[in-house]
Amino acid sequence: MILVTGGAGYVGSHTVMALLECGKEVIVFDSLELGHMEIIDALKKLGNLKFVKGNLKTLDDIRGVFLSNKNIEAVIHFAAYSRVEESVKNPQKYYYNNVYGTLNLLNAMLEFGVNKIVFSSTAATYGEPVYTPIDEKHPQQPINPYGMSKLMVEKIMDDYDKAYGLKSVRLRYFNVAGADSSARIGEWHDEETHLIPNILKATSDKTFKMFGTDYNTVDGTCVRDYINVEDLANAHIKALDYLNKGGETNYFNLGTKSGNSVKEVFAACEKVKGAHIPLDVCARRAGDPAILVADNSRAKEVLNWNPKNDLNYSINTAYEWEKVLETMV
Ligand code: UDP
């Protein structure tokens, strides 16, 4: 059985779907503060899934999961807050949840003899890029508490490996995009901040706000590496296999090695929707680097991972999901 924390969230739920489709038994632990029960209900139809509502900040919540499920082989850990801007305003919330919460999880794993974990890390651990594309040797100098909280966990995992033999794979995501190809699940943030859903949700009353057109890039807008969520979910399965085969602690960038500007993404969304999307050009958003693109060679080589879905596929699936989501909220 695989324990997935944060399995009711965006990347977590797509990974649970991939695990169930591989015939794995899964237990999801989620506080449902940001995740949604409707997503769990959709996933339950696909295989052997147990759900436990709990909070990592409460040690007994997570200990209880290990106590009642003695067959947990490994953990995939998504549960975290992930808003950069909020983390700057409220670092306490981020360090308490993302770092302390993870410590409770790791300590429970040690207590119950579970020694394999796949961790949802981020490109935000690199900070302002020194060169592009970013490989895993790039300095890790986060510029906000969110990135720092994820980097701290990476460091803790290194020390827990040296001292206790806890093996981890840290997956550093670039920009995640898209939804399940059958629109059973998708990206669902009650307060959406991400580019693609914000473009797709735009109306004449709530126009899409393009943050900054004066960057030093092809067309003046920021360039990001959009990695499809199903490809990303698949990397977690590969990371688990890697650990199960005795792989050492490791870390990988997950992206496509190619970037798209905000204007390009906007144009692609208009094409998919087949309609003009109301747009306001705004000032830069604080803390956005001009270009973030992953060198994904290491994940390709070591995990034998090959992302196959392109940006248009991600936008198409995101749009189909948006239509479903509209009927649910
Ligand atoms: N962006 C934008 N309008 C939005 C949301 C995002 O122009 O409503 C831009 C943002 O400034 C950045 C890019 O889109 O350049 C990707 O932002 P997102 O929040 O999706 O991901 P991030 O790169 O911050 O992880």
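Our subject is the structure listed above.
Thresholds, definitions, all that
- Residues numbered from 1 in each chain as written.
- Predicted model: local features only at pLDDT ≥ 70, side-chain atom pairs only at ≥ 80, totals over all residues.
- Heavy atoms only, no water.
- Pairing = 2+ DSSP bridges.
- Helix = DSSP H or I, 4+ residues; strand = E, 2+ residues; numbered from the N terminus.
- Axes fitted to C-alpha atoms, helices over the stretch in contact; angles between N-to-C directions.
- Contact = heavy atoms within 4.5 Å.

Strands pair in a sheet through their backbones, by hydrogen bonds, and they do so in one of two ways: parallel or antiparallel. Strand order in the open sheet made by the 3 strands is β12-β9-β14, with mixed pairing throughout. A strand with exactly one partner marks an edge of an open sheet, and here the two such strands are β12 (260-261) and β14 (291-292). Taken together, the 2 bridges between strand β9 (residues 223-224) and β12 define a ladder with antiparallel strand orientation. When the sheet's bridge partners are listed, valine 223 is paired in β12 with serine 261.

Bringing the environment of alanine 163 into the picture now. Turning to its location among the elements, alanine 163 is positioned in helix α6 (residues 145-164). Sequence-wise, alanine 163 and proline 91 are 72 residues apart; in three dimensions their C-alpha atoms are separated by 29 Å.

Take the environment of lysine 271 next. Inspection of the secondary structure assignment puts lysine 271 in helix α9 (residues 262-273). With 44 residues separating them along the chain, lysine 271 and isoleucine 315 place their C-alpha atoms 9.8 Å apart.

This next bit is on the sheet that holds strand β6 (residues 167-173). Strand order in the open sheet formed by 7 strands is β3-β2-β1-β4-β5-β6-β11, and the pairing between neighbours is parallel. In the strand order of this sheet, the two ends are held by β3 (49-53) and β11 (250-254), each with one partner. On average, adjacent strands in this sheet sit at an angle of 20° to one another, irrespective of strand direction. Pairing analysis gives 3 bridges linking strand β4 (residues 74-77) to strand β5 (residues 116-122), with the strands arranged parallel. Paired with valine 75 across the bridge in β5 is isoleucine 117. Packed on one face of the sheet, helix α2 (residues 37-44) meets β2 (26-30) and β3 and runs near 160° to β3.

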